[in-house]
Amino acid sequence: MINAPFNAPIRPSEHKTEIPEHESSALISKGVRARPLFDPEILKRATKESFLKLNPWHVVKNPVIFVVEVGAALTTAFVIKDAFTKGPDIFFDIQISLWLWFTVLFANFAEAMAEARGKAQADTLRKTKSDATAHKVLPDKRVEVVSASALRTGDVVFCEAGMLIPGDGEVIEGIATVDESVITGESAPVIREAGGDRSAVTGGTKVLSDRITIRITSNPGETFLDRMIALVEGAVRQKTPNEIALNILIAGLTLIFLLAVATLPPYAKYSISAVGGGSMPSVAVLISLLVCLIPTTIGGLLSAIGIAGMDRVMQHNVLAMSGKAVEAAGDINTLLLDKTGTITFGNRQAVEFIPVEGVSAAELADAAQLSSLADETPEGRSVVVLAKEKYNLRGREVSEHEADFIPFSAYTRMSGVDIDGRNLRKGATEAIAQFVAELGGGVPESLTRISDGISRNGGTPLAVADGKKILGIIHLKDIVKGGMKERLTSLRAMGIRSVMITGDNPLTAAAIAHEAGVDDFLAQATPKDKLEYIKKEQAEGRLVAMTGDGTNDAPALAQADVGVAMNTGTMAAKEAGNMVDLDSNPTKLIEIVAIGKQLLMTRGSLTTFSIANDIAKYFAIIPAMFAPIYPALNRLNIMGLHSPESAVLSAVIFNALIIIVLIPLALRGVNYKPVTAGRMLTRNLLIYGLGGIIAPFPGIWMIDRLLAVFHLA
Amino acid sequence: MTFVGILQILVFFGIIVGLTKPVGTYMYRVFEGERTFMHRVLGPLERLIYRISGIHPDEEQSWLRYSGSLISISIFSFLFVYLIQRLQGYLPLNPLHFSTPHAPSFATAMTPDLAFNTAISFLTNTNWQSYSPDTTMSYLTQMTALAVQNFVSAAVGIAVAVALIRGFARHTVKTIGNFWADVTRCILYILLPICVLSTLFFVWQGSIQNFNGPVTAHTLEGARQVIEQGPLASQLSIKMLGTNGGGFFNANSAHPYENPTPLSNVLQMVLIFLLGASLTYMFGKAVKNTKQGWAVFTAMSVLFFVGVFVCYWAEQRGNPIIEHMGVASSYTGTQPGGNMEGKEVRFGIVQSTLFATVTTDASCGAVNSMHDSYTPLGGLVPLFNMQTDEVIFGGVGAGLYGMLLYAIIAVFIGGLMVGRTPEYVGKKIEQKEVKMAIIAILATSLCILLFTALSSVSQFKSGGYWNPPGPTTANTNNNGPHGFSEILYAYSSGAANNGSAFAGLNANTPWYNLTLAIDMFVGRFLFIIPALAIAGSLAKKKMVPVTSGTLPTDGTLFVILLIGTVVLIGALTYFPALSLGPIVEHFQMLSGKVF
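Residues numbered from 1 in each chain as written. Chains lettered and ligands numbered in written order. Predicted model: local features only at pLDDT ≥ 70, side-chain atom pairs only at ≥ 80, totals over all residues. Heavy atoms only, no water.

### Here we look at the sheet that holds strand S16 (residues 497–501) of chain A
Residue and element names in this part refer to chain A.
Line of reasoning, step 1. Taken in spatial order, the seven strands line up as S8-S20-S19-S18-S9-S16-S17 in an open sheet, and their pairing is mixed. Of all the strands in the sheet, the pair left with one neighbour each is strand S8 (318–320) and strand S17 (520–522). Shown here is a sheet whose adjacent strand axes are inclined to one another by a mean of 20 degrees, direction ignored.
Line of reasoning, step 2. By the bridge criterion, three bridges tie S8 to strand S20 (residues 579–581) in an arrangement that is antiparallel. Note on S20: the bridge partner recorded for Leu319 is Val580.
Line of reasoning, step 3. Where helix H7 (residues 224–233) meets the sheet, its contacts fall on S8 and S20, and the angle it forms with S8 comes to roughly 75 degrees.
Line of reasoning, step 4. Contacts between helix H12 (residues 323–330) and the sheet are confined to S8, strand S19 (562–566) and S20, with S19 contributing the most and set at about 110 degrees to the helix. (Pairing = 2+ DSSP bridges. Helix = DSSP H or I, 4+ residues; strand = E, 2+ residues; numbered from the N terminus. Axes fitted to C-alpha atoms, helices over the stretch in contact; angles between N-to-C directions. Contact = heavy atoms within 4.5 Å.)

### What to know about the nonpolar core
Line of reasoning, step 1. In terms of nonpolar packing, the biggest core is built from 321 residues, with A:Leu335, B:Phe168, B:Leu191, B:Leu275, B:Phe283, B:Phe304 and B:Tyr424 touching the most fellow members.
Line of reasoning, step 2. When neighbours within four sequence positions are excluded, B:Leu275 is seen to be in contact with B:Val23, B:Met27, B:Ile158, B:Ile190, B:Leu191, B:Ile194, B:Leu241 and B:Val396.
Line of reasoning, step 3. If you look at the next biggest cluster of nonpolar residues, it comprises 35 residues, including A:Ala367, A:Val417, A:Val436 and A:Ala463. (Core = buried A, V, L, I, M, F, W, Y, C linked by side-chain atoms within 4.5 Å. Buried < 20%, exposed > 50% of the residue type's maximum accessible area, 1.4 Å probe, protein only.)

### Points about the confidence of the model for chain B
Line of reasoning, step 1. Of the residues in chain B, 100% have a pLDDT of 70 or more, and the chain-wide mean is 92.
Line of reasoning, step 2. Reported confidences for the modelled complex are a pTM of 0.86 and an ipTM of 0.92. (pLDDT = per-residue confidence, 0-100.)

### Concerning the packing of helix H15 (residues 480–495) of chain B against helix H16 (residues 510–540) of chain B
Residues and elements named next belong to chain B.
Line of reasoning, step 1. One way to put it is that H15 packs onto H16 with a least axis distance of 7 Å and a crossing angle of 40 degrees. The orientation of H15 with respect to H16, classified from their angle, is oblique. Packed against H15, whose contacting residues are Ile487, Ala490, Tyr491, Gly494 and Ala495, the element H16 presents Trp511, Tyr512, Thr515, Leu516, Asp519, Met520 and Gly523 at the interface.
Line of reasoning, step 2. Each residue belonging to the contact of H15 with H16 can be placed in one class, and the counts come to eight nonpolar, three polar and one charged. (Parallel < 35°, antiparallel > 145°, perpendicular 65-115°, else oblique. Nonpolar A, V, L, I, M, F, W, Y, C, P; charged D, E, K, R; others polar.)

### Some thoughts on a positive patch on the surface
Residues and elements named next belong to chain B.
Line of reasoning, step 1. A surface patch of positive charge is lined by Arg35, Arg40, Arg47 and Arg51.
Line of reasoning, step 2. Mapped onto the secondary structure, Arg51 falls in helix H2 (residues 39–53).
Line of reasoning, step 3. The exposure class of Arg51 is exposed, given its relative accessible area of 64%. (Patch = residues over 30% accessible without salt bridge, like charges linked within 9 Å, V, L, I, M, F, W, Y side chains within 5 Å. Areas by Shrake-Rupley, 256 points an atom, 1.4 Å probe, with all protein chains shown as cover. Salt bridge = Lys/Arg side-chain N within 4 Å of Asp/Glu carboxyl O. Lys, Arg positive; Asp, Glu negative; His and termini not counted. Charge placed at Lys NZ, Arg CZ, Asp CG, Glu CD.)

### Regarding the interface of chain B and chain A
Line of reasoning, step 1. Listed as interface residues are 61 residues of chain B and, on the opposing side, 62 residues of chain A.
Line of reasoning, step 2. Contact between chain B and chain A buries roughly 5,300 Å² in total, counting both sides, with carbon and sulfur atoms accounting for 76%.
Line of reasoning, step 3. Among the residues of chain B in contact with chain A, B:Met417, B:Leu572 and B:Leu580 are the three that bury the most area, contributing 14% of the side total.
Line of reasoning, step 4. At the boundary of chain B and chain A, one finds one salt bridge.
Line of reasoning, step 5. In this structure, A:Asp331 engages B:Lys428 in a salt bridge whose closest nitrogen and oxygen atoms are separated by 3.4 Å.
Line of reasoning, step 6. Summed over the shared surface of chain B and chain A, the number is 14 residue pairs in polar contact (both at pLDDT 80 or more).
Line of reasoning, step 7. At the level of elements, helix H13 (398–417), helix H14 (431–457), H15 and helix H17 (556–590) of chain B are the ones that each hand at least two residues to the side of chain B that touches chain A.
Line of reasoning, step 8. With 16 residues, H17(B) is the largest single contributor of residues to the side of chain B that touches chain A. (Buried area = accessible area lost by both parts, 1.4 Å probe. Polar contact = N/O pair within 3.5 Å; in protein donor to acceptor, adjacent residues only side chain to side chain.)

### Regarding the pairing of strand S15 (residues 469–480) of chain A
Residues and elements named next belong to chain A.
Line of reasoning, step 1. Counting buried residues in S15 gives ten out of twelve residues, a clear majority hidden from the surface.
Line of reasoning, step 2. Two strands pair when backbone bridges link them, and strand S14 (residues 460–466) and S15 are joined in this way by seven bridges, in the antiparallel orientation. Its bridge partner lying in S15, Ala463 is registered against Ile473.
Line of reasoning, step 3. Remark: two residues form the turn of the hairpin made by S14 and S15, two consecutive strands paired antiparallel; Gly467 in that turn has positive phi of roughly 65 degrees.

### Considering the pattern of salt bridges
Line of reasoning, step 1. As enumerated under the stated definition, the model contains 38 salt bridges over all chains in all.
Line of reasoning, step 2. Linking B:Glu60 and B:Arg170 is a salt bridge whose minimum nitrogen-to-oxygen distance equals 2.6 Å. Taken as a pair, B:Glu60 in the loop between H2 and helix H3 (63–87) and B:Arg170 in the loop between helix H5 (139–169) and helix H6 (179–205) lie far apart in primary sequence, 110 residues in all.
Line of reasoning, step 3. For B:Glu60, a relative accessible area of 33% gives the class partly exposed.
Line of reasoning, step 4. You can call B:Arg170 partly exposed: its relative accessible area is 23%.
Line of reasoning, step 5. In this structure, B:Lys428 engages B:Glu423 in a salt bridge whose closest nitrogen and oxygen atoms are separated by 3.1 Å.
Line of reasoning, step 6. Here the salt bridges share partners, and the residues they tie into one network are A:Arg497, A:Asp520, A:Glu537, A:Glu540 and A:Arg542.

### Notes on the packing of aromatic side chains
For any pair of aromatic rings, geometry is given as the distance between the ring centres together with the angle between the planes.
Line of reasoning, step 1. Evaluated as defined, the whole model comprises 42 aromatic pairs over all chains.
Line of reasoning, step 2. Ring geometry for B:Phe297 versus B:Phe393: centroids 5.2 Å apart, planes at 65 degrees, classification edge-to-face. With a gap of 96 residues between them, B:Phe297 in helix H9 (residues 290–317) and B:Phe393 in the loop between helix H12 (376–387) and H13 connect regions that are remote in the sequence. Taken individually, B:Phe297 and B:Phe393 each receive the classification buried, so the pair is uniform in this respect.
Line of reasoning, step 3. Where B:Tyr424 meets B:Phe558, the ring centres are 5.5 Å apart and the plane angle is 25 degrees; that geometry is what we call stacked. Remark: B:Phe558 occurs in helix H17 and B:Tyr424 occurs in strand S3 (residues 423–424); sequence separation between them is 134 residues. This pair shows no difference in class: B:Tyr424 is buried, exactly as B:Phe558 is.
Line of reasoning, step 4. Every member of this aromatic cluster is reached through a ring pair, and the members are B:Phe12, B:Phe13, B:Phe273, B:Tyr281, B:Trp294, B:Phe297, B:Phe304, B:Phe305, B:Phe309 and B:Phe393.
Line of reasoning, step 5. Lying over the aromatic face of A:Tyr533, A:Lys536 brings its terminal NZ or CZ to 4.7 Å of the ring centre. (Phe/Tyr/Trp six-rings, centres within 6.5 Å; stacked < 30°, edge-to-face > 60°. Lys NZ or Arg CZ within 6 Å of the ring centre and 35° of its normal.)

### Focus: helix H16 (residues 445–456) of chain A
Residues and elements named next belong to chain A.
Line of reasoning, step 1. When the terminal C-alpha atoms of H16 are compared, their 18 Å separation across twelve residues agrees well with the 16 Å that a helix rising 1.5 Å per residue should span.
Line of reasoning, step 2. Of all the residues in H16, the buried ones are Ser446, Leu447, Ile450, Ser451, Gly453 and Ile454. All buried residues of H16 lie within an arc of 160 degrees about the axis, which places them on one face of the element. Away from its buried face by more than 90 degrees, H16 exposes Glu445, Arg449 and Arg456.
Line of reasoning, step 3. The first or second residue beyond H16 is Gly458, which carries a positive phi of 90 degrees. (Expected span 1.5 Å × (residues − 1). Arc of directions from axis to C-beta.)

Set out below in structure tokens:
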């Protein structure tokens, strides 16, 4: 598999390299695009938006908040009526109506905050989309300068250093370094070249060196950049299935509470006539009770949670095509990880020199290094470096010697050097044995033993010979990334099986799988095998996530429930998956899973909190409402609120303020740790369930004290 | 509360725990169509029934066809019960000549609205009785219309629960069983055998079974007493086992013939809980994890114990006002103490409060004491039990499917809190399930709250057709909060298909008959149809494998979550109404005022 381009080849000195800090320290790390939660510019934009969103046509989409808005409008009407009739309750009614409007505004503000971050980002992207010009290559090879917006699928353009690539396309000729920071935020340039899996280029990115010819693959308005703008802006945001289900639940609860409150006046009327005294609860009080009971907290924050979840994915430099995909990530049961580049570093590296009898390790290392001096493959370089590190053998300038390099060929299956009369060769054990045998040398019996031992443990043996004498074996090994085992263990705690995909033979695969701690592996995997594996898992009810970049990964990416395409990958791969990782970092999948889970947890926790809050509000409002009829009900005023008006007002104020208080939580997501579901539920039930029952009591009591101090009620 | 009292409650519960597994296993086998020890006797009969009625027991139905069959039998049942009642004057087995010109002066007229109410009532397994059976119904009506419905409506309820269980247990199929086979098997293999056995027990304890007219007795004090007779014992067992609750006599299970001894009282309570409890085990067995069933059982048990102990404590504590008058109200070796008003001396406080809790935990509605005479908190327990849709073992079938709907809501919120889209016993809980569960819960609260509101304020002309006493509040025995509780109780009882009455409310007027009929109808069918829709939707889904990331639904945590959901939804919906009824009454009692 392909690594991130322009990644410097892995040097053996990096053997002990851990996964970079930002990946391993926390499952959810701050991505490169993170903005502070309350950026002043965003705050300003969100405040303005929250007033614009008062438009009933907008609010009606959110039934809970719509009920609050209708309530606010009704109480306002009563305030106006009071003003004309000089009603005695006007001061109380004004306050209630103000706080109801605040409740709607706060909910709008939460949504606007979540959106503003995306919109600010979209604006940045749009600036780069300034109308570039394109050098269109006509069929007769003439070049015509046209506007980028005039390009259509199939057109051919060329780009030279310093030019913006005018549209999405495929390199059909040449190789160039491209600055894709507009999209990825990563300043290091990447290589784009014709053919293979690195041929896709994105409109809006900039060619830094060389010259490439590109065939345009998208029409204006449908480019990757356009889609990205629409995505981060939330313009194409659709409610996810889970969000709709939750909306149904809270709309249902709202209806139940509407019933519970609407039937109170008849009950009160009965009670008054039964007791022969007392007064009916006022409309403002009834509306207050209703607003306090309906789940305004989750209703107000629900869409913000969804948008913020998408935004968090974006901050990790992953472009999710739908919220549904992010949600599905939380449900993943099986994670398909490519071995190369994900579980292990890209290439095999030399880790040990094992000489046969009668040869010293240093002698073997020296010959191995010499034979590899001209070997520019990562494996070859790792041999040179290992010899230097272990035996202090410096890489020699080959030009000083009479050297004749023999490159690797698939036919001979070995490479080497003829230097100073020595014929140094390294290669597959059988090939070297044959080479030696042809020269009349013998094969030490320990050679096969060593070689088989390495193979069994998942390594690759590379025999080294000096003429007809076999010196020993270089042990090449896949290096499992540091910290990988721990991450896979935490995945297992979350109930996620990891499956390693590799082209290696089953023996090698098993050894690496064991070392990395994956639960299963798929050896000698072809794209068809991957697809079959995913289908099999899905048939058993599991949800599967995978990453991929090649065109041949496209079917599997499309089949997977969460398919993350690498940005370096082909257009076909990007279109098949439902997410694109702009960093092209295959381990990102683990973070995406965590974000998905966090998104769902935040929804559940705030719903629980919202409903649990109602108990305290009953204890504030019911005695205030019915004590005029039945003074005995004052016993329910367990908070000792000082007057009926202040009790109602305190509950309404608490209900409004809690939305503001919880906005950071909604945007950031609740704290997530990879533990079992049982422990997670216990924790969240205690914090948001029990906490939700308890918290409003002191909260409402304090507001009541303040209202008393300022003589507001 | 006394040691012996608590012991009685524990012994009763111990019997239920002991029976749950064997009966649950037996039910599972019956509904799976497996052979049981009863098949040797009843197998040929079952096949004969299928042949006569053209039922193909292996022909599976989709949830829509299953509902269609259910509705068709319901329409037939309704018409049948309605017509028998209306025509009873022309039919035999009517020794007191009800609905004829020779009817005795104390007889109640069989009006169309009463017949309508009763037909809906027995169709919906509610057995709300706006009438006094001893003065209204002929023996034929009791036997062919009401007793038969006791079997059929119970079997229908169980069939729905079985279909929902199949929805969870099956995967990637479109069908949820065959309604006709389920109902037939339920009546034949489960209801009838248990009824036959327990009927013999009741007769041994002193219940009667005859076609005689009433006999007159002269008491020691010289008073003349008319003692009703009739085919009672045959109807008694199914009234309990099917959680129907409609009494043969007006006094229901307080009547010495209908509940002769404390022993018969215990058996009656066991019969009420038996099938509801066993269904939880059957559920666990069907989803191949009996712990799932026991978790539901445990949640129900906790709610049961809280209710029974609050009720028992409140009644044993008695009324402080009476105590202030100098009446000894503590328990002594010879005196029960507490509040004995409206309770039978042969049952005492513990067997009465236990019965009151059990009959409202399940949607039975049989009573052995006057709930109207309970202390406010003691009366609050049965009321709240019904308002939470009777999911504590519950009506046969209804208890389990009701609890599973609550489990869906609980799991939906709880499941989100563990970071997955929610799932319950291997099935994803999505839009459709949540929508249906909400419709069911919404429908019952709509009926209870709305009709209570209407009946608290409606004004009718005194002597008019709709409500001859005049304003609808004039039908209550008491005024103030207690009168309000009486109305609230009636509609709660109707919507929850309980059928017990707080009493004290004269409900035999066209207004109450009609609104209560709607109440019962909605409470039954707007629960059943959503439950079946969920069954159909679940059956189609794949089975999600259990991992450590799955919300465990077979442990303590889930039990707490489920209890919390039931109590919280119930409390939040009904707290304002309850605060104007039993709660304020309780506070006023404490300050020396009663109604």
